[in-house]
Amino acid sequence: MAAETYKMSASAVIVTILLFVLLVVMAWGYDQVFTGRAALLHQQLEPAADATIAGLFGAEEALALLRLAEAGRASMDQLDACDWLLESRIEAALARVQLAVPLDTPLASLSGGQRTRAAIAALLAAEPNILLLDEPTNHLDADGRAVIADLLQGWRGVAIIA
């Protein structure tokens, strides 16, 4: 079996090293150093052909359950499992990056800048303490860069930007 070779930008190497260090610290159990969650934005977001906004948020199954409940076909256990505020939380996260698209929108139909905004919204929805962003303004126009800059100025966690 032949070894695989990967090309990485300098910023990708830096983010990878920082993430590795963070994971090692967390694995060693240094709770005094860090407790919480980290989120990583990769420089390139190459979605699968069938990937959607909902999938980016990891919400496809939960949204399908909501649709079942709305149609009156859910069991009592399924109704108990419904996250009734999920759609509004996702829409609020998308609004923070000034992106208004339906949750079933295919990621492949979005521009690179819109995919970046959607990915950042999904990261924020996970409520991390640390953001690791690899060139987050790639593919963004001036308005998109301003949105991300404003968002980061208001960020109250740690942000490492390469």
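Report follows, based on the coordinates. All values derive from a computational prediction rather than experimental measurement.

### Quick notes on the packing of helix α6 (residues 112–125) against helix α7 (residues 142–153)
Inference 1: Close contact between α6 and α7 brings their axes to 11 Å; oriented N to C, the two are set at 15 degrees. Considering the angle they form, α6 stands roughly parallel to α7. Once α6 is placed against α7, the crossing between them reads as left-handed. Residues Arg117, Ile120 and Leu124 of α6 form the contact with α7, whose own contacting residues are Asp143, Gly144, Val147, Ile148 and Leu151.
Inference 2: Partitioned by chemical class, the residues of the contact of α6 with α7 number five nonpolar, one polar and two charged.

### Overview of the pattern of salt bridges
Oppositely charged side chains may form a pair once their charged atoms are brought near each other.
Inference 1: For the structure on display, the rule yields four salt bridges.
Inference 2: Linking Glu70 and Arg67 is a salt bridge whose minimum nitrogen-to-oxygen distance equals 3.1 Å. In this pair, Glu70 and Arg67 are both assigned in helix α3 (residues 60–70), three residues apart and thus about one turn of the helix distant.
Inference 3: Since its relative accessible area comes to 52%, Glu70 is described here as exposed.
Inference 4: A salt bridge links Asp83 to Arg89, with the nearest nitrogen and oxygen atoms 2.5 Å apart.
Inference 5: The class of Asp83 is partly exposed, set by a relative accessible area of 28%.
Inference 6: Residues joined by salt bridges that share partners form a network here, namely Arg67, Glu70 and Glu87.

Cut-off values and rules
- Residues numbered from 1 in each chain as written.
- Predicted model: local features only at pLDDT ≥ 70, side-chain atom pairs only at ≥ 80, totals over all residues.
- Heavy atoms only, no water.
- Axes fitted to C-alpha atoms, helices over the stretch in contact; angles between N-to-C directions.
- Helix = DSSP H or I, 4+ residues; strand = E, 2+ residues; numbered from the N terminus.
- Parallel < 35°, antiparallel > 145°, perpendicular 65-115°, else oblique.
- Left-handed = near helix turned anticlockwise from the far one by under 90°.
- Contact = heavy atoms within 4.5 Å.
- Nonpolar A, V, L, I, M, F, W, Y, C, P; charged D, E, K, R; others polar.
- Salt bridge = Lys/Arg side-chain N within 4 Å of Asp/Glu carboxyl O.
- Buried < 20%, exposed > 50% of the residue type's maximum accessible area, 1.4 Å probe, protein only.

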